[in-house]
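Each chain, letter by letter, is given below.
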Amino acid sequence: MTFISQAEPATLQAQSLSPRQLELSLIPVADASAEVVHSSIEADDSCTSSTTSSLSDQVLADLEATLEARGMTATEPQLEALADVVATLCDMADGSCAPTIHLSSLDPGMGKTTALIHFLRRVVASPDHLDVGVLVCLSRLDEIRRLVDEAGLNEADFAVLCSDEEVGELSATEHDGAQILFTTQQMLTRRCAGRVFSQVSEFHYLGQPRTVRIWDETIEPGEVITMSADELAAMLSPLRRTNPALADQVQDLQFDLTTSSPGQLLRIPALEALSSVATDDVSAREGFRRLLYKLKALVGRTARITRMHSNLVIALNIRDALPADFTPLLVLDASGRVRHTYSAWEARSGGLVRLRSTPKDYAPLQIHLMDQGGGKDGWRRNADQLAREVATVIDTKPNEPWLVVHHKAQAGIDPVGLIRRYVKKADFSRVSFLHWGAHQATNAFKDVPNVVLAGLLHLPDSQLLGLAYASAGRSVTDHPPADLVKQIELGELGHGVIQAVGRGTVRGFDAGKCLPCSAYIIAGRRYGLAKALPQWFPGCRLTSWRPRHKPLSGRVKQAVEFVERQRRVRCGEPILFSAIMDYIGEKDRSNFNRCIRKHRNFEAAIERLGLMEVNVGGGRGNDALQVVFGPVECMAA
């Protein structure tokens with residue numbers, strides 16, 4: 001395997017390792033006679049520094065050896081794309097990288113993280129780069145743990161800056177003295193808010209800003225700030241105890257927001273007293289600190305008013321997500337090729353450039369698409385039917401591993417529990433679950449050949465609108481970019497699908513192709529996935545996943561909705577069959593028993609709700625439903 005670029009090939013020279021290098025547990029590099037060349041962003045922008053060239057050669061050799069050891073072969077364009085990642089890292093280490101955002105959008109499992117790991121190992125071992133500081137920004141704490149573990153660095157070479165004490169204690173090295181600093185993206189954006197990067201000493205190395213900067217996965221073109229009238233109301237009680245005057249001002253703002261019309265522009269008052277409020281003063285939980293952060297980001301600015309489908313009123317604004325001097329920056333986002341935020345960002349004045357990239361050949365991937373709504377609302381309406389569909393398809397391969405990506409439990413709907421209830425044949429110990437939000441950056445399921453997306457991850461309309469404004473570089477006072485909002489919505493769906501499906505065997509690749517995998521996706525037709533999926537997964541085979549269980553409809557649906565509502569408000573009291581009959585307009589008891597009470601969908605819903613038939617009237621048979629086991633969830637008075 002050889003890494004090829006548009007530059008002339010160069011021969012890797014064997015070099016003796018220093019004692020510090022020998023301490024590192026590196027994977028053996030390729031033979032010294034192997035031809036390994038690094039590739040930079042532009043064909044005519046090759047590295048001229050001998051030290052940087054040597055570092056690049058070493059990293060590429062390590063990467064090549066690792067891919068070969070894993071039995072992974074790639075096409076020349078894919079190897080060139082990996083070489084671009086390494087070249088960008090080494091250019092930053094040399095101080096010769098163009099001051100912009102460099103995006104690598106290689107597909108999941110193609111070696112981006114492996115290239116980063118080998119760079120980290122080599123840069124701390126290089127005597128020519130002892131003064132080069134590296135900053136790695138990750139989205140989740142468990143990703144920090146995983147990368148630290150996989151890199152196998154000496155504790156003296158790295159530190160962790162985050163709000164979690166346990167993760168921060170992965171290394172006792174002082175932040176300023178650690179050549180590599182791992183942090184969360186949220187930590188960086190909050191510490192740098194309203195400041196330039198060079199002024200934020202927490203991210204410095206040896207008193208200077210770190211020159212190598214890596215952002216793993218999603219980066220937004222701007223930070224979308226939303227504040228709802230309900231969130232303002234939640235702040236009143238904590239503020240009332242410590243700053244009554246400010247609480248009155250927040251209440252006035254809540255009134256102004258509630259009475260505003262969609263599309264209206266609302267000037268948020270300065271609220272001078274807000275700057276003096278510290279979270280410690282209100283002994284608040286994380287929820288209040290988050291609201292305080294958002295309110296501080298909105299005061300003194302003009303917001304656009306939007307309304308959610310639940311009639312929730314929201315004030316929307318955007319601001320720069322990153323400091324102006326944070327470039328150069330390398331972004332590793334496997335979904336970069338499908339997300340329209342990047343396309344709109346790239347179209348602006350040179351704020352982002354793409355490294356070379358090419359997708360895998362997805363011919364070994366079979367996608368089964370069900371035309372049915374599987375969002376949170378879809379699960380609230382048809383939880384039993386959707387769970388039974390997933391369980392039925394799992395039972396078609398009872399002896400194979402499965403991964404199900406699902407929505408979190410909400411409003412009494414637990415997808416995992418329902419699916420577990422309806423699986424009949426499969427070995428459930430071989431079925432794994434990931435909820436949306438935890439579906440990225442894990443290799444734990446790379447050997448699972450069957451992946452179910454039990455619905456899609458949908459961003460709120462206000463978030464999509466904010467991303468459209470930010471991507472286009474426009475103010476929220478401008479006319480909303482409606483067409484761009486639709487494109488961004490589809491791109492963000494593609495991001496979720498690629499990341500979720502990419503947890504399974506499709507993550508692997510050989511000879512430029514993914515490994516065989518079957519994916520099952522529930523998504524409504526209106527989102528256009530039948531057309532988009534072959535573009536997101538070039539070469540895949542797309543077939544229909546036909547439902548075997550009908551969703552609730554008609555009077556059965558009315559009866560189930562009535563029972564659900566009564567269960568919430570009656571706090572364990574019996575729900576009489578006669579009350580159900582009155583609600584749905586059925587007068588004939590025998591007809592009710594035959595068409596509603598004994599209907600398999602009604603019976604499944606009753607089981608899901610934890611209800612059993614009981615006799616409360618003293619007659620011959622059961623005449624009501626009642627909670628028998630478990631706690632009763634009642635609606636707040």
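Right, let's walk through the structure included here. Because the structure is predicted, anything quoted here is derived from the model rather than measured.

## Concerning the overall build of the chain
Turning to step 1, where the next piece is worked out: Assigned secondary structure in the chain consists of 20 helices and 24 strands.
Turning to step 2, where the next piece is worked out: A total of 637 residues make up the chain; the buried ones form 54% of that total.
Turning to step 3, where the next piece is worked out: Counting only contacts in the chain whose residues sit at least 6 apart along the sequence, the fraction spanning at least 24 positions is 76%.

## Some details on the pattern of salt bridges
If the charged atoms of two oppositely charged side chains come close together, the side chains can form a pair.
Turning to step 1, where the next piece is worked out: Within this structure, the stated rule accounts for 20 salt bridges.
Turning to step 2, where the next piece is worked out: When salt bridges with common partners are traced through the structure, they connect E80, D84 and R356 into a single cluster.

## Focus: the packing of helix α17 (residues 554-569) against helix α19 (residues 589-597)
Turning to step 1, where the next piece is worked out: Close contact between α17 and α19 brings their axes to 10 Å; oriented N to C, the two are set at 90 degrees. Put simply, α17 runs roughly perpendicular to α19. Note on element contacts: α19 touches α17 through N591, C595 and I596, opposite R555, V556 and A559.
Turning to step 2, where the next piece is worked out: Considered class by class, the residues forming the contact of α17 with α19 number 4 nonpolar, 1 polar and 1 charged.

## Considering the sheet that holds strand β23 (residues 611-614)
Turning to step 1, where the next piece is worked out: If you trace the 3 strands from one edge of the open sheet to the other, you get β22-β24-β23, paired in antiparallel fashion. In this open sheet, the two edge strands, each paired with only one partner strand, are β22 (575-576) and β23.
Turning to step 2, where the next piece is worked out: One ladder, built from 2 bridges, connects β22 with strand β24 (residues 624-627); its direction is antiparallel. Within β24, the position partnered with L576 by the bridge is A624.

## A look at the environment of V506
Turning to step 1, where the next piece is worked out: Among the secondary structure elements, V506 is positioned in the loop between α15 (482-501) and β18 (509-510).
Turning to step 2, where the next piece is worked out: Each C-alpha atom, one on V506 and one on V448, is 8.8 Å from the other, the two residues being 58 residues apart in sequence.
Turning to step 3, where the next piece is worked out: Beyond its immediate chain neighbours, meaning those up to four positions away, V506 contacts K360, Y362, L365, V501, C514, L515 and C517.

## Points about empty space enclosed by the protein
Turning to step 1, where the next piece is worked out: In the structure shown here, the tally under the stated rule is 4 cavities of 30 Å³ or more.
Turning to step 2, where the next piece is worked out: For the largest cavity, the calculated volume is near 50 Å³.
Turning to step 3, where the next piece is worked out: Elements that contribute at least two residues to the lining of the largest cavity include exactly α9 (244-258) and α10 (286-298).
Turning to step 4, where the next piece is worked out: Grouping the amino acids of the lining of the largest cavity by side-chain chemistry returns 8 nonpolar, no polar and no charged.

## Some remarks on the side chain of K112
Turning to step 1, where the next piece is worked out: Counting through the fold element by element, K112 comes out in helix α4 (residues 112-125).
Turning to step 2, where the next piece is worked out: Apart from residues lying up to four places away in sequence, K112 is in contact with L82, S104, L106, D107, L332, D333 and A334.

## A look at the sheet that holds strand β8 (residues 223-228)
Turning to step 1, where the next piece is worked out: Read across the open sheet, the 4 strands follow the order β8-β11-β10-β9; overall the sheet is antiparallel. Edge strands, defined here as strands with exactly one partner in the open sheet, are β8 and β9 (265-267). Averaged over all adjacent pairs, the angle separating strand axes in this sheet is 35 degrees, with direction ignored.
Turning to step 2, where the next piece is worked out: As paired strands, β8 and strand β11 (residues 313-319) are joined by 6 bridges and run antiparallel to one another. Bridged to V224 within β11 is I318.
Turning to step 3, where the next piece is worked out: Across the sheet, α10 lies against β8 and β11, angled at about 105 degrees from β8, the strand it touches most.

## Considerations on the nonpolar core
Turning to step 1, where the next piece is worked out: Core analysis: the largest hydrophobic core is formed by 46 residues, its most contacted members being L89, F119, V134, V136, I180, F182 and V212.
Turning to step 2, where the next piece is worked out: Ranked by residue count, the leading element in this core is helix α3 (residues 76-94), at 9 residues.
Turning to step 3, where the next piece is worked out: When near neighbours in sequence (up to four residues on either side) are disregarded, L89 contacts L116, F119, V212, I214 and L330.
Turning to step 4, where the next piece is worked out: With 33 residues, the next largest nonpolar core counts V451, L456, I521 and L529 among its residues.

## Let's talk about the pairing of strand β7 (residues 212-216)
Turning to step 1, where the next piece is worked out: For β7, the tally of buried residues reaches 5 of 5 residues, placing the bulk of the element in the interior.
Turning to step 2, where the next piece is worked out: Burial along β7 is two-sided: V212, I214 and D216 and R213 and W215, pointing in opposite directions, are all buried.
Turning to step 3, where the next piece is worked out: Across 4 bridges, the pairing between strand β2 (residues 134-138) and β7 is parallel. Among the inter-strand pairings, C137 is bridged to a residue of β7, identified as W215.
Turning to step 4, where the next piece is worked out: Across 3 bridges, the pairing between β7 and strand β12 (residues 329-332) is parallel. Across the sheet, the residue bridging to W215 is V331, located in β12.

## What about the environment of V560?
Turning to step 1, where the next piece is worked out: Counting through the fold element by element, V560 comes out in helix α17.
Turning to step 2, where the next piece is worked out: Distance from V560 to A605, taken between C-alpha atoms, is 6.8 Å for residues 45 residues apart in sequence.
Turning to step 3, where the next piece is worked out: When residues no more than four places from it in sequence are discounted, the contact partners of V560 are L552, F602, A605 and R608.

## Some words on the side chain of H495
Turning to step 1, where the next piece is worked out: Mapped onto the elements, H495 comes out in helix α15.
Turning to step 2, where the next piece is worked out: In this view, H495 contacts T218, D333, S335, V338, R339 and Q440; residues no more than four positions away in its chain are not counted.

## A few points about the packing of aromatic side chains
Turning to step 1, where the next piece is worked out: Enumeration according to the criterion identifies 10 aromatic pairs in this entry.
Turning to step 2, where the next piece is worked out: Ring centres of Y342 and W345 lie 6.4 Å apart, and the angle between their planes is 10 degrees; on these two criteria the pair is classed as stacked. Highlighted residues: Y342 and W345, both in helix α11 (residues 340-347), separated by 3 residues, approximately one helical turn. The same class applies to Y342 and to W345, which are both buried.

## Re the packing of α17 against helix α18 (residues 577-584)
A packed helix pair is summarised by two numbers, namely the angle formed by the two axes and the spacing between the axes.
Turning to step 1, where the next piece is worked out: In contact at an axis separation of 10 Å, α17 and α18 are set at 130 degrees when each is read in the N-to-C sense. What the angle tells us is that α17 and α18 run oblique. The two elements α17 and α18 cross, and the hand of that crossing is right-handed. Two secondary-structure elements touch here, α17 through R555, Q558, A559, F562, V563 and R565 and α18 through A579, I580, Y583 and I584.
Turning to step 2, where the next piece is worked out: Of the residues assigned to the contact of α17 with α18, the class counts are 7 nonpolar, 1 polar and 2 charged.

## Side note on helix α5 (residues 141-151)
Because an α-helix packs 3.6 residues into every turn, residues spaced three or four apart end up facing the same way.
Turning to step 1, where the next piece is worked out: Buried within α5 we find E143, I144, R146, L147, V148 and A151.
Turning to step 2, where the next piece is worked out: Its buried side turned inward, α5 meets α4, β2, β3 (158-161), α6 (165-168), β4 (180-184) and β7.

## Here's the deal with α9
Turning to step 1, where the next piece is worked out: Look at α9: 21 Å from first C-alpha to last across 15 residues, which is about the 21 Å you get at 1.5 Å a residue.
Turning to step 2, where the next piece is worked out: Within the sequence span of α9, burial applies to L246, A247, V250, L253, Q254 and L257. Burial along α9 is one-sided: seen end-on, the buried residues are contained in an arc of 120 degrees. Residues of α9 that are exposed and point more than 90 degrees away from the buried face comprise A245 and F255.

So, how was this worked out
- Residues numbered from 1 in each chain as written.
- Predicted model: local features only at pLDDT ≥ 70, side-chain atom pairs only at ≥ 80, totals over all residues.
- Heavy atoms only, no water.
- Helix = DSSP H or I, 4+ residues; strand = E, 2+ residues; numbered from the N terminus.
- Buried < 20%, exposed > 50% of the residue type's maximum accessible area, 1.4 Å probe, protein only.
- Contact = heavy atoms within 4.5 Å.
- Salt bridge = Lys/Arg side-chain N within 4 Å of Asp/Glu carboxyl O.
- Axes fitted to C-alpha atoms, helices over the stretch in contact; angles between N-to-C directions.
- Parallel < 35°, antiparallel > 145°, perpendicular 65-115°, else oblique.
- Nonpolar A, V, L, I, M, F, W, Y, C, P; charged D, E, K, R; others polar.
- Pairing = 2+ DSSP bridges.
- 1 Å grid on protein atoms, 1.4 Å probe; cavity = no way out; pocket = protein on both sides within 12 Å on 5 of 7 lines; lining within 4 Å.
- Points joined across faces, edges and corners; volume = space filled by probe spheres on them.
- Core = buried A, V, L, I, M, F, W, Y, C linked by side-chain atoms within 4.5 Å.
- Phe/Tyr/Trp six-rings, centres within 6.5 Å; stacked < 30°, edge-to-face > 60°.
- Left-handed = near helix turned anticlockwise from the far one by under 90°.
- Expected span 1.5 Å × (residues − 1).
- Arc of directions from axis to C-beta.

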